[in-house]
Every structure is written in C-alpha cells, then in structure tokens.
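Below, each chain spelled out in residue letters.
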Amino acid sequence: EEACRISLVDIKEVPDFTQQYELYDPCTLMFFYRGRHLQLELGLGDRYKITWPVGGSQELTDIVEAVIRGARQGRDLIVATRDYSRTYRH
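Summary of the structure given here.

Rules behind the numbers
Residues numbered from 1 in each chain as written. Predicted model: local features only at pLDDT ≥ 70, side-chain atom pairs only at ≥ 80, totals over all residues. Heavy atoms only, no water. Core = buried A, V, L, I, M, F, W, Y, C linked by side-chain atoms within 4.5 Å. Buried < 20%, exposed > 50% of the residue type's maximum accessible area, 1.4 Å probe, protein only. Helix = DSSP H or I, 4+ residues; strand = E, 2+ residues; numbered from the N terminus. Contact = heavy atoms within 4.5 Å. Phe/Tyr/Trp six-rings, centres within 6.5 Å; stacked < 30°, edge-to-face > 60°. Pairing = 2+ DSSP bridges. Axes fitted to C-alpha atoms, helices over the stretch in contact; angles between N-to-C directions.

**Considerations on the nonpolar core**
Judged by nonpolar contacts, the single largest core of 13 residues is most densely connected at Phe-31, Leu-38, Leu-40, Leu-42, Ile-50, Ile-63 and Val-67. Every element with two or more residues in this core is listed here: strand E2 (36-41) and helix H2 (57-72). Among residues more than four places away in sequence, those in contact with Phe-31 are Arg-36, His-37, Leu-38, Leu-40, Ile-50, Ile-63, Val-64 and Val-67.

Structural data, given as structure tokens:
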C-alpha cells in the first residue's frame, strides 16, 4: 500500500498554486491527503508548511508517520509528536 507520495513543483510554472499557498521559500514541504491540504502543528506557528531543513531521514520519517496517522483518522490539524520550537527558531 502506498503511504506517501512526494511531488516536486516548480512554483514558477504554477503561479496560482504559489499564490494560494504563499510559497516564497526556496524549498517548502506540504502535506495533502485525498486532495485536502493538511495543517501540521510543530510548535512553530506556521501550520501549513515546513520551510526549514529537516534534521535527517529519521526526523522526516517521524513527521510523515504522524501526518499519515492523523490523516487516516480524519484530522485536518495534526499535532507532531515532538515540539520543534526549540530546535528550529527563525
């Protein structure tokens, strides 16, 4: 069973998408489930996307697994198992 799909989007090619999701950073990670954009609470305030470099493959795996669990439970707001506010301050 496919649990996750990663898509690369060139924001210059899809200006409507860029404007709708306010994509201005060089790299942004967002989560969708069955066509719905999911919010992810990481303790950083911005619930719509990750714009910082993830600390490694295990950290990314933990985030993706939390998103999958929450999405399958029907949640639109998923709270991460870890608070990233101390690790990734802007």
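**Let's talk about the packing of aromatic side chains**
Under the defined criterion, the tally for this structure stands at 3 aromatic pairs. Aromatic pair Phe-17 and Tyr-21: ring centres 4.7 Å apart, planes at 55 degrees, arrangement tilted. Relative accessible area serves as the criterion here: at 18%, Tyr-21 is assigned to the buried category. On the basis of an interplanar angle of 90 degrees and a centroid distance of 5.7 Å, the ring pair of Tyr-21 and Phe-32 is categorised as edge-to-face. With a gap of 11 residues between them, Tyr-21 in the loop between helix H1 (15-20) and strand E1 (31-33) and Phe-32 in strand E1 connect regions that are remote in the sequence. Residue Phe-32 is classed as partly exposed on the basis of its relative accessible area, which comes to 39%. One aromatic cluster is present, formed by Phe-17, Tyr-21 and Phe-32 through successive ring pairs.

**Concerning the sheet that holds E2**
Spatially, 3 strands are ordered E1-E2-E3 in an open sheet, and the strand pairing comes out mixed. Both edges of this open sheet fall to E1 and strand E3 (77-79), since each of them pairs with a single strand only. Strand-to-strand twist in this sheet, taken as the mean axis angle between neighbours without regard to direction, amounts to 40 degrees. In this sheet, E3 lies alongside E2 in parallel orientation, the contact comprising 3 bridges. What sits directly across from Gln-39, in E3, is Leu-77. Its contacts with the sheet place H2 against E1, E2 and E3, and it is angled at close to 30 degrees to E1.

So yeah, pure geometry; function would need other evidence.
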